[in-house]
Amino acid sequence: MKALLCRELTGLESLKVEVMPDLSPGAGEVVIDVKAAAVNFPDILLVQGKYQYKAPLPFSPGFELAGVVSAVGEGVRHVKAGDKVMSIVRHGAFAQQVLAPARTVMKLPPETNLEYAAALMLTYGTSYHALKDRGQLKAGETLLVLGAAGGVGLAAVELGKLMGARVIAAASSPEKLAICREHGATETINYSNEDLRERIKEITAGKGIDVVYDPVGGAYTEPALRSLAWKGRLLVVGFAAGEIPKIPLNLPLLKGTSIVGVFMGVFLEKEPELATANAKQLLDWINSGDITPHISGRHSLEQGVEAIRTVAERRALGKVLIIP
């Protein structure tokens, strides 16, 4: 099989496509022929050695994938060879085959689009967990999504609309905001040339935001926090801007607001039953057409470095896939 391999933690330029031996499953493992793998921001951190999990060298990056089971190890009963599945692994998805722990492998209905399934769990899964479980978003509330045209951001826009919220999308260009409107945003803010707080005041007639979905961090977090309504919730999803903001703690005190952390990786480990229920709901919405992942790029393994760079440089709209 072919794999996009990282042999040293020097960033994207260290990645090369190499031929590797085919994989065989051990007890409790599943070999999946990868049909599509999604690029996510942690992939960049992983090959730079900056992610909280350190993969043993050499390794293939890639967390999120969908494909067809090739073989199963001893003790695996819930899937068999030939089944369509999706999985989240610690690394290894940017290859023609991946070895996944059986507990991370979910069988898919036969009609499921595998490209959509590959784009589901780390974006829609994170956003659904954030909005439903952590943010307690209710129909009729106002949701502000920062970084709204990225993978998790666009998923949050679409899910917020589906959950009955009024969705305000904030992004950095007219092209990105047009995609957000297509996926359910009712109002938009271009924070490259508009004042975030003033536009929020204008759009909400001074009432403020009920829930802020923030995968960006940096300079946008504090003005978004200051724009919350009484008992509003700021969801801390990530720091794509590269800066972890420092928040004056008098701000949540003044309006009774909450700053709520969202960490999908630990959620999957600590609450697997709820995570599975969330995934089944998302699959139902995918197969019914209620949500449609926006895939802006499909790349071969040989184009994998450019695919990851597109996400690293925040040029991606929605999801970028590698098709091994």
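Refer to the preceding data block for the structure.
Residues numbered from 1 in each chain as written. Predicted model: local features only at pLDDT ≥ 70, side-chain atom pairs only at ≥ 80, totals over all residues. Heavy atoms only, no water.

1. Some points on helix 6 (residues 196-204)
Looking only at helix 6, the buried set comprises Leu196, Arg199, Ile200, Ile203 and Thr204. End-on view of helix 6: buried residues confined to an arc of 115°, all on one side of the axis. Buried residues in helix 6 make contact with strand 8 (142-145), strand 9 (166-171), strand 10 (187-190), strand 11 (209-214) and helix 7 (221-226). (Buried < 20%, exposed > 50% of the residue type's maximum accessible area, 1.4 Å probe, protein only. Helix = DSSP H or I, 4+ residues; strand = E, 2+ residues; numbered from the N terminus. Arc of directions from axis to C-beta. Contact = heavy atoms within 4.5 Å.)

2. What to know about the pairing of strand 14 (residues 295-299)
Looking along a regular strand, one sees side chains alternate from face to face of the sheet. The sheet contact formed by strand 14 and strand 15 (residues 319-322) spans four bridges and is parallel. Across the sheet, His299 pairs through a bridge with Ile322, a residue of strand 15. Handedness of the strand 14-helix 11 (residues 304-312)-strand 15 crossover: right-handed. (Pairing = 2+ DSSP bridges. Right-handed = clockwise from strand over helix to strand, strands pointing away.)

3. Details of the packing of helix 3 (residues 120-134) against helix 4 (residues 151-162)
The N-to-C vectors of helix 3 and helix 4 enclose an angle of 55°; their axes lie 8 Å apart at closest approach. Here helix 3 is positioned oblique relative to helix 4, judged by the angle of their axes. You can see that helix 3 and helix 4 cross each other, and the crossing is right-handed. On helix 4, the residues that touch Leu122, Thr123, Tyr124, Thr126, Ser127, Tyr128 and Leu131 of helix 3 are Gly151, Val152, Ala155, Ala156, Glu158, Leu159 and Gly160. (Axes fitted to C-alpha atoms, helices over the stretch in contact; angles between N-to-C directions. Parallel < 35°, antiparallel > 145°, perpendicular 65-115°, else oblique. Left-handed = near helix turned anticlockwise from the far one by under 90°.)

4. Let's talk about the sheet that holds strand 11
Strand order in the open sheet formed by six strands is 10-9-8-11-12-13, and the pairing between neighbours is parallel. Edge strands, defined here as strands with exactly one partner in the open sheet, are strand 10 and strand 13 (258-261). Averaged over all neighbouring strand pairs, the angle between strand axes comes to 20°, with direction disregarded. Here strand 11 runs beside strand 12 (residues 228-236); their pairing, made up of five bridges, is parallel. Within the sheet, the bridge partner assigned to Val211 lies in strand 12 and is Arg233. Most of the contacts of helix 3 go to strand 11, to which it runs at about 150°, and overall it touches strand 8, strand 11, strand 12 and strand 13.

5. Section: empty space enclosed by the protein
Tallying each qualifying case throughout the model produces one cavity of 30 Å³ or more. There is about 30 Å³ of room inside the largest cavity. For the largest cavity, the full set of lining residues is Tyr124, Gly151, Leu154, Ala155, Pro293, His294, Gly318 and Lys319. Per element, the largest residue contribution to the lining of the largest cavity is three residues, and it comes from helix 4. (1 Å grid on protein atoms, 1.4 Å probe; cavity = no way out; pocket = protein on both sides within 12 Å on 5 of 7 lines; lining within 4 Å. Points joined across faces, edges and corners; volume = space filled by probe spheres on them.)

6. Notes on the nonpolar core
The nonpolar side chains of a soluble globular protein tend to be buried, and buried together. Membership of the largest hydrophobic core comes to 90 residues, with the highest contact counts inside it found for Met86, Phe94, Leu131, Leu143, Tyr213 and Leu235. It is helix 3 that provides the largest number of residues to this core, a total of seven residues. Setting aside its immediate chain neighbours within four residues, Met86 contacts Leu65, Ala66, Thr104, Val105, Met106, Leu108, Ala117, Leu120, Met121, Ala279 and Leu283. (Core = buried A, V, L, I, M, F, W, Y, C linked by side-chain atoms within 4.5 Å.)

7. Quick look at the environment of Ser24
Here Ser24 shows up in the loop between strand 2 (15-19) and strand 3 (29-38). For the pair Ser24 and Ala71, spaced 47 residues apart in the sequence, the C-alpha separation amounts to 7.4 Å.

8. Concerning the side chain of Gln97
Its location among the elements puts Gln97 in strand 6 (residues 97-101). Judged by relative accessible area, which is 11%, Gln97 ranks as buried. A polar contact of 2.9 Å, which involves the side chain of Gln97, links it to the backbone nitrogen of Leu23. (Polar contact = N/O pair within 3.5 Å; in protein donor to acceptor, adjacent residues only side chain to side chain.)

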